[in-house]
Amino acid sequence: MVSYFALAGLAIVLYILYVFIINPYLQYRKYLKWGKGSFYPFVGVFYGAGLRVKQYKDVDHHLKHMYDDGSDPKIYVENNATGAIIKISDPEYIKEFVQLENKAYQKTTLLIDNIIRLVGQGIIFSEGPQWKKNRNVLSGVFHFEQLSKRVPSIEKITKEVYKRYIDSGNVKNVDVIELFQEITAEVVIQTFFSNISKDKSFYGMSLSVALSYLINSVGKQISTPFYFLFRTNFFKWGIRESDRKLNKQIKEFRQMIGDIINERIKEEEELEKRGEQTTKEDLVYYLKKNNLLGVLSLDEIISEFMTFYVAGMDTTGHLCGMAIWFLTQHPEIKKKLQEELDANTDYSQNGLLKLPYLNGVIQETQRLYGPAGQLFNRVALRDHMLKDIPIKKGTIVKPSPCSVHRHPKYFEDPHSFKPERWFNKNTVTPYTFIPFNAGPRNCIGQHLALIEARIMINYFMKTFDFESDPNFEMVLNYAFLIEPVDKLRINLKLKENPLIYQ
Ligand code: HEM
């Protein structure tokens, strides 16, 4: 009898050893043939991330410096508790991945499912026919021509936010990422519902503050042990008082967004009845004008709004914040950009697009410290070949933008901040610069992001003199994005004759 128990115990131990150590290690060794890697049993990427933040002050240091020894690895292999994670760093393999993307892979929901219960299955988190339908419907809103109509409202929001900072006297140690995010948050809200939501409040919070509060709250839940034991179900069950409160708020918030959408639809219908033209070129108007309101359900529009908010607010704010930080570290580039902007009086998108330093600084920030240096995890749905690499079903695979952006074969002197390298755009090899990913799942909001970035930086540099707080230390780690751990502190001083008052 005892020996049966002993045998069963031994079998369980062997099984655990196999699942959590031997199998992940064998997979890791297999893929290592195509590149470099690091393996930490059980704790995998999470442990490696902690080490690199401590040692190099940058969670992605290993990915950014993988070619420094002159080698040309195609992938970087890491592990999670049960298998390998492949980060593709070679443009030819990235191209192949992108072509297979919707057939052979799917985004994983680990760490994302709790945010999905807030934002819903918008296009960033959906797959298959639902993704295709919603992407088709919404892509028209993000065409350059359609977005150009949003430029005056982006300028207005930018000026209002800068003025608010100036009027409050809040110009020392400003977290510029937060400053830019106030603008990008309002831009997404107005892109959807014009300014109808301006006076709406949720438990005394404005729409953008309420959304950020809810996003932070669901984000905090996943850092508890309950998440790792029961995933998002635990919070849905509402065992703790705090979870019940949050569940109620999520429901009420989605309801409120639904009411705003209905209010906007009614507004447009009344204008139509009176034979009047709309003055609001927002998403609701776009859907109505193109007879698309029936194609997306109310719940889908709510989810898409929340998705765009999450995807578009944080990212673009980070990009501009990091660009300003880079300028504080490179006074000679800051001077050249300042001269270029001061000499320019054409603030239209075509005018700003022609400015080599402005666009070079934005591109170079994306290349070196873009907010999406790593993409969402994808899981292989079946065994298949990624060029010559045999990928096993269940393996995590994704392109690694922050690696390929530092490949010396494609970017000379890859670790230096050189906006000039973008002056001749013909030199960029396909799939070597992918800050917005590439292929079918590329960023639908990329034109909006770049339009916002040009406007925000142009107004910023013609409104403020600025320098970084000498005590600030740049340490990069993951939160939702790759972010400075401490608030990015910049001291601002109002210029003489600032652009926002002209
Ligand atoms: C600098 C700013 C931005 C960066 C760096 C960025 C980057 C990215 C990246 C890398 C992806 C692909 C993620 C993946 O597949 O793992 C993506 C997807 C997406 N982005 Fe952006 N993004 C930015 C701004 C925006 C804005 C302003 C919006 C909308 C308001 C937006 C909406 C989306 C959506 C909806 C997707 C999902 C597309 C799909 O799966 O079909 N993004 N973004």
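Refer to the structure printed above.
Summary of the structure given here. Predicted, not measured: the structure shown is a model, and the values here were computed from it.

What counts, and where the lines are drawn
- Residues numbered from 1 in each chain as written.
- Predicted model: local features only at pLDDT ≥ 70, side-chain atom pairs only at ≥ 80, totals over all residues.
- Heavy atoms only, no water.
- Core = buried A, V, L, I, M, F, W, Y, C linked by side-chain atoms within 4.5 Å.
- Buried < 20%, exposed > 50% of the residue type's maximum accessible area, 1.4 Å probe, protein only.
- Helix = DSSP H or I, 4+ residues; strand = E, 2+ residues; numbered from the N terminus.
- Contact = heavy atoms within 4.5 Å.
- Pairing = 2+ DSSP bridges.
- Axes fitted to C-alpha atoms, helices over the stretch in contact; angles between N-to-C directions.
- Patch = residues over 30% accessible without salt bridge, like charges linked within 9 Å, V, L, I, M, F, W, Y side chains within 5 Å.
- Areas by Shrake-Rupley, 256 points an atom, 1.4 Å probe, with all protein chains shown as cover.
- Salt bridge = Lys/Arg side-chain N within 4 Å of Asp/Glu carboxyl O.
- Expected span 1.5 Å × (residues − 1).

A word on the nonpolar core
- Among the nonpolar cores identified, the biggest contains 110 residues, and Tyr162, Val176, Phe180, Phe193, Phe253, Phe305 and Phe460 are the most heavily contacted of them.
- For this core, the element with the highest residue contribution is helix α15 (residues 298-329), accounting for 16 residues.
- Ignoring any residue separated from it by four or fewer positions in sequence, one finds Phe180 in contact with Tyr162, Gly317, Cys320, Gly321, Ile324, Met456 and Phe460.
- Counting 25 residues, the second-largest nonpolar core is a separate cluster that includes Tyr28, Phe39, Val77 and Ala438.

Focus: the sheet that holds strand β2 (residues 75-79)
- Across the sheet, 6 strands lie side by side as β1-β2-β3-β9-β6-β4; this open sheet has mixed pairing. Sheet topology places β1 (35-37) and β4 (105-107) at the edges, where each strand pairs with a single neighbour. This sheet shows a mean twist of 30 degrees between the axes of neighbouring strands, independent of strand direction.
- One ladder, built from 4 bridges, connects strand β3 (residues 84-88) with strand β9 (residues 396-399); its direction is parallel.

Observations regarding a nonpolar patch on the surface
- Judged by side-chain polarity, Tyr4, Leu7, Leu10, Val13, Leu14, Leu17, Tyr18, Ile22 and Leu26 come together as a nonpolar surface patch covering roughly 910 Å² of accessible area.
- Take Tyr4: it is sitting in helix α1 (residues 2-32).
- According to the relative accessible area criterion, Tyr4 is exposed, its value standing at 61%.

Focus on the side chain of Thr158
- Residue placement: Thr158 occurs in helix α8 (residues 151-167).
- Relative accessible area serves as the criterion here: at 0%, Thr158 is assigned to the buried category.
- Among all residues touching Thr158, those that are not within four sequence positions of it are Ile183, Ile455, Met456 and Tyr459.

Some thoughts on helix α18 (residues 356-369)
- Between its first and last C-alpha atoms α18 spans 19 Å; for 14 residues at 1.5 Å apiece the expected length is 20 Å, and the two agree.
- The element α18 is extensively covered by neighbouring structure, given that 12 of its 14 residues are classed as buried.
- Of the residues making up α18, those classed as buried are Tyr357, Leu358, Asn359, Gly360, Val361, Ile362, Gln363, Glu364, Thr365, Gln366, Arg367 and Leu368.

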